[in-house]
Amino acid sequence: MTRTELPALVAALQTALPDGTVLTDGPDLDRYAHDDAEWADWAPPAAVVLATGLDDVVATVRAAAEHGAPVVPRGAGTGLSGGANAVAGAVVLSLERMTRIREVNVDERYAVVEAGVLNDDLRRHVAAHGLWYPPDPASQAISTIGGNVATNAGGLCCVKYGVTRDYVLGMTVVLADGSVARLGRTTAKGVTGYDLTGLMVGSEGTLGVVVDVTLKLRPLAGREDRAVVGWFGSLPDAGNAVAAVSAAGIVPAALELIDSTCLRAVADWQGWTLPEGAAALLLAKVDEPGAAGEALADRVAALFEGAGGTHVERAFTPDETDRLFLARRLAYPALERLGPVLTEDVCVPRGAVPAMLGRIESIAREADVVIANIAHAGDGNLHPLIIAPEGDDAAKARAKVAFDRIVDECRALGGTVTGEHGVGLLKLPGAAAELSPVVLAMHRAVKDALDPHGLLNPGKAFPGAPLPG
Ligand SMILES: Cc1cc2nc3c(=O)[nH]c(=O)nc-3n(C[C@H](O)[C@H](O)[C@H](O)COP(=O)(O)OP(=O)(O)OC[C@H]3O[C@@H](n4cnc5c(N)ncnc54)[C@H](O)[C@@H]3O)c2cc1C
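Bear in mind the structure is a predicted one, so any value in this text is a computation, not a measurement.

## What to know about the site of the ligand
Phase 1 of the analysis: In the vicinity of the ligand lie 36 residues, with Pro73, Thr78, Ala138, Ser139 and Thr144 positioned nearest.
Phase 2 of the analysis: A distance of 2.9 Å separates an oxygen atom of the ligand from a polar side-chain atom of asparagine 148.
Phase 3 of the analysis: The contact in question runs from a nitrogen atom of the ligand to an N or O atom on the side chain of glutamate 420, over 2.9 Å.
Phase 4 of the analysis: When residues of the shell around the ligand are traced back to their parent elements, those giving at least two are strand E3 (71–74), helix H5 (145–151), strand E10 (209–216) and helix H11 (318–336).
Phase 5 of the analysis: Broken down by element, the residue count for the shell around the ligand peaks at 5 residues, all from H5.
Phase 6 of the analysis: Tallied by class, residues from the shell around the ligand come to 14 nonpolar, 18 polar and 4 charged.
Phase 7 of the analysis: Built from parts of two domains, the shell around the ligand gets at least three residues from each of domain 1 (3–94) and domain 2 (101–219).

## Examining the pairing of E10
Phase 1 of the analysis: Across the 8 residues that make up E10, a large majority, 7, are buried.
Phase 2 of the analysis: Where strand E6 (residues 110–114) and E10 come together, 5 bridges link them in antiparallel fashion. Across the sheet, residue valine 113 finds its bridge partner in E10, namely valine 213.
Phase 3 of the analysis: Both strand E8 (residues 168–174) and E10 contribute to a ladder of 6 bridges, which runs antiparallel. Directly across from glycine 170, in E10, lies its bridge partner threonine 214.

## Considering the UniProt feature "domain: FAD-binding PCMH-type" (unreviewed entry) in the protein
Phase 1 of the analysis: According to UniProt, the positions carrying the feature "domain: FAD-binding PCMH-type" (unreviewed entry) are residues 41–220.
Phase 2 of the analysis: Helix makes up 21% of residues 41–220 and strand makes up 26%, while its end C-alpha atoms are separated by 42 Å.

## As for the side chain of arginine 328
Phase 1 of the analysis: Its place among the elements puts arginine 328 in helix H11.
Phase 2 of the analysis: With residues up to four places along the chain from it excluded, the contact list for arginine 328 reads Ala138, Leu156, Glu256, Leu257, Ile258, Leu283, Ile374, Ala375, His376 and His383.

## What about the domain arrangement of the protein?
Phase 1 of the analysis: Domain annotation of the protein identifies domain 1 (3–94), domain 2 (101–219), domain 3 (222–337) and domain 4 (339–420).
Phase 2 of the analysis: Spacing between the C-alpha centres of domain 1 and domain 3 amounts to 41 Å.

## Regarding the state of the cysteines
Phase 1 of the analysis: Applying the stated criterion across every chain, the model contains 0 disulfides.
Phase 2 of the analysis: Not part of a disulfide, cysteine 157 finds its nearest cysteine sulfur in cysteine 158, a span of 5.1 Å.
Phase 3 of the analysis: Note on cysteine 157: relative accessible area 8%, which makes it buried.
Phase 4 of the analysis: Take cysteine 347: it sits in no disulfide, and the sulfur closest to it among the cysteines is that of cysteine 410, at 7.8 Å.
Phase 5 of the analysis: A residue is classified by how much of its surface remains accessible, and cysteine 347, at 19% relative accessible area, is buried.

Criteria and cut-off values
- Residues numbered from 1 in each chain as written.
- Predicted model: local features only at pLDDT ≥ 70, side-chain atom pairs only at ≥ 80, totals over all residues.
- Heavy atoms only, no water.
- Near = heavy atom within 4 Å.
- Polar contact = N/O pair within 3.5 Å; in protein donor to acceptor, adjacent residues only side chain to side chain.
- Helix = DSSP H or I, 4+ residues; strand = E, 2+ residues; numbered from the N terminus.
- Nonpolar A, V, L, I, M, F, W, Y, C, P; charged D, E, K, R; others polar.
- Domains from an automatic or database assignment.
- Buried < 20%, exposed > 50% of the residue type's maximum accessible area, 1.4 Å probe, protein only.
- Pairing = 2+ DSSP bridges.
- UniProt positions renumbered as here; feature names shortened; annotations may be inferred.
- Contact = heavy atoms within 4.5 Å.
- Disulfide = S-S within 2.5 Å.

What follows is the structure in structure tokens.
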């Protein structure tokens, strides 16, 4: 879009949408211009729309299509890959005001929710009906269901209970021309036609705008949480414990790793005192009820000790266990307080976790950067967090070298370049290395079929995605 066309676009949006839903002031545009991936490129959009319902989403997409303007769908902007970053002249379409939970069907165990509902709000709401929505990204208090669906978010309990995709039965989606598609089903099973619901999950806002989602739920009852906590003298030792748990055929309800850099950052921030002197902490949860759960927790503790774990403790007090799991959830924001964080999201086979952790340590030494580690270790999904002090351009350049080397090493170990955060912008080079020309051509064919003018979240999700103009 040229500069002279922008006023026409903004006027069309203001005519088509209710008062107070179209933002055009500079500070508002900046606020909605990017997600939490500080290192990815972005530009101020032409306008931000705070949609309040399906009609607003349709009106926005139609107005943008008529003016040839890109649309960048947005939930809460907690993404870590630049997926919600605006391009110049775009309309950022925020779903954050669409927070209605329309239905909870207790007998059929599903809920229908608008895209802007926060993950935690859904969890609390359905718990009152005796139901449980498992996918629990560490951002569950601040990220939206629409964003979770668009990124196919993972989380802590996904090692046992699966990722967002496993819970999406259907959705209402607005396509690039403004038409409305109702996809999927509410039944437990159903295979009518292509799995277009599945196609939309993880499509990062490039194929349609998710307006509401029908989500499968599980019964809340029947689980009893028990924790096993172990400290390790080195990261690879902790990795060996993860590989041993997997090799023993145990599927814990969570198996998370936090290194001492993260723990110190959380403890300093929250004023907590934590044991010193260990390189990493593993937090396992098992949730089988009764004697089976007791026995499983014992086996996990023995495997931790066998891998060199020190201070391995079973059934820590519930308060202490909650505090350590909270430390895991707070690790990312705690590190962000130390300086800009470049977040990795590689996923390797579980058996390769020790080798990958060792390679990350070597990369940190060789590139002379600080790399902290948090991980959904039970899934092999590692988040090396590369920290560069504010304003230190040389450190920033070294961080980028480390980022690329981690991706290369992950691929050499049979891994994939993003486990849960999505390709967005940051992982475009990694995805180019991972996806074959045939597979990239399939991506392009799907995109061209559903969004022939390349207006929905241009340039994201796969290398070669069309850019505006
Ligand atoms: C502290 C912290 C911890 C995190 N932990 C995890 C974790 O454990 N697991 C995990 O998977 N992620 C995690 N993340 C990343 C992030 O929270 C997830 O990617 C989340 O799913 C993004 O949701 P959001 O509402 O913020 O979406 P946004 O960041 O606003 O958008 C993310 C992507 O989805 C698209 N999008 C958003 N809403 C829609 C919609 N309605 N229709 C179509 N497209 C849409 C956007 O265009 C963009 O491509 C974490 C982030 C932070 C800051």
